[in-house]
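# A look at the structure
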Amino acid sequence: MASEPKTRPTDVPVADFIAAVENPRRRADAEVVQAMMAEASGEPAVMWGPSIIGYGSYRGATGDWPIIGFSPRKANLVLYVARDFDGVDDVLARLGKHKASVGCLYVNRLDDLDPAVLRELVQRSVAWMRAKAPGAGGC
């Protein structure tokens, strides 16, 4: 039996968390990404654990997780997006300067990305997650 993840929704206000981000550029980037992900998902932003802002939820093999999210860390902005949808390689090639791992994109500055491509990535990620996990919705 898999254990429940430690990263779970909290009652911490997202606005308070973003306001406390020390780096002004990272804080401004977080505000832009927060609005974009809220619009694309149609879900309110919720703090997952101490540092992840997530939208909606789905039941995975190891418990509940946001369908999309991000974290404004000191070193970079981390985007938690689906990377399995058809055409993802093309989208990432057009996105701009970033580093990628299995489920994360690491961005130094939002200015390094094409905003239209980022919006496309976020929208397609949300759509793919909802198709993959029917019933994925609010926390």
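Right above here is the structure, for reference.
Residues numbered from 1 in each chain as written. Predicted model: local features only at pLDDT ≥ 70, side-chain atom pairs only at ≥ 80, totals over all residues. Heavy atoms only, no water.

Along the backbone of the chain there are 4 helices and 8 strands. What you see for the chain is a C-alpha radius of gyration of 14 Å, in line with the 14 Å of a compact globule of 139 residues. By its C-alpha atoms, the chain is 40 × 35 × 25 Å across when sized along the principal axes. Per-residue burial over the chain gives 42% buried out of 139 residues. Restricting the contact set of the chain to residue pairs at least 6 apart, pairs at least 24 apart contribute 55%. Accessible area of the chain: about 7400 Å², with a carbon and sulfur share of 53%. Computing the positive centroid from 17 side-chain charges and the negative centroid from 17, the chain places the two 5 Å apart. (Helix = DSSP H or I, 4+ residues; strand = E, 2+ residues; numbered from the N terminus. Rg over C-alpha atoms; globule rule 2.2 N^0.38 Å. Buried < 20%, exposed > 50% of the residue type's maximum accessible area, 1.4 Å probe, protein only. Contact = heavy atoms within 4.5 Å. Areas by Shrake-Rupley, 256 points an atom, 1.4 Å probe, with all protein chains shown as cover. Lys, Arg positive; Asp, Glu negative; His and termini not counted. Charge placed at Lys NZ, Arg CZ, Asp CG, Glu CD.)

If you look at the biggest cluster of nonpolar residues, it comprises 34 residues, and the most contacted ones within it are Phe-70, Leu-79, Leu-118 and Leu-121. If we ignore the near neighbours within four places in the chain, the residues touching Leu-118 are Met-36, Leu-79, Leu-95, Leu-110 and Leu-113. (Core = buried A, V, L, I, M, F, W, Y, C linked by side-chain atoms within 4.5 Å.)

The two faces of strand β2 (residues 52-55) match: Ile-52 and Gly-54 on one face and Ile-53 and Tyr-55 on the other face are all buried. Joining the antiparallel neighbours strand β1 (residues 45-48) and β2 is a turn of 3 residues, in which Gly-49 adopts a positive phi near 65°. Bridge analysis of β2 against strand β5 (residues 68-72) gives 3 bridges, and the strand direction is antiparallel. Looking at the pairing, Ile-53 lines up with Phe-70 of β5. (Pairing = 2+ DSSP bridges.)

Counting buried positions along β5 yields 5 of 5 residues, so the element is predominantly enclosed. Residues Ile-68, Phe-70 and Pro-72 of β5 are buried on one face, and the alternating residues Gly-69 and Ser-71, pointing to the opposite face, are buried as well. For β5 and strand β6 (residues 77-80), the ladder comprises 4 bridges, and the chain directions are antiparallel. Residue Phe-70 lies in a different strand from β6, and its bridge partner there is Leu-79. Between the end of β5 and the start of β6, which pair antiparallel, lie 4 residues.

Judged by pairing direction, the sheet is antiparallel, and its 6 strands sit side by side in the order β1-β2-β5-β6-β8-β7 without closing on themselves. On the outer flanks of this sheet lie β1 and β7 (99-100), each paired with one strand and no other. The pairing of β7 with strand β8 (residues 104-107) spans 2 bridges and is classified as antiparallel. Counted as the bridge partner of Lys-99 is Tyr-106 from β8. Its contacts with the sheet put helix α2 (residues 24-41) on β1, β2, β5, β6 and β8, and the angle it makes with β5 is roughly 175°. (Axes fitted to C-alpha atoms, helices over the stretch in contact; angles between N-to-C directions.)

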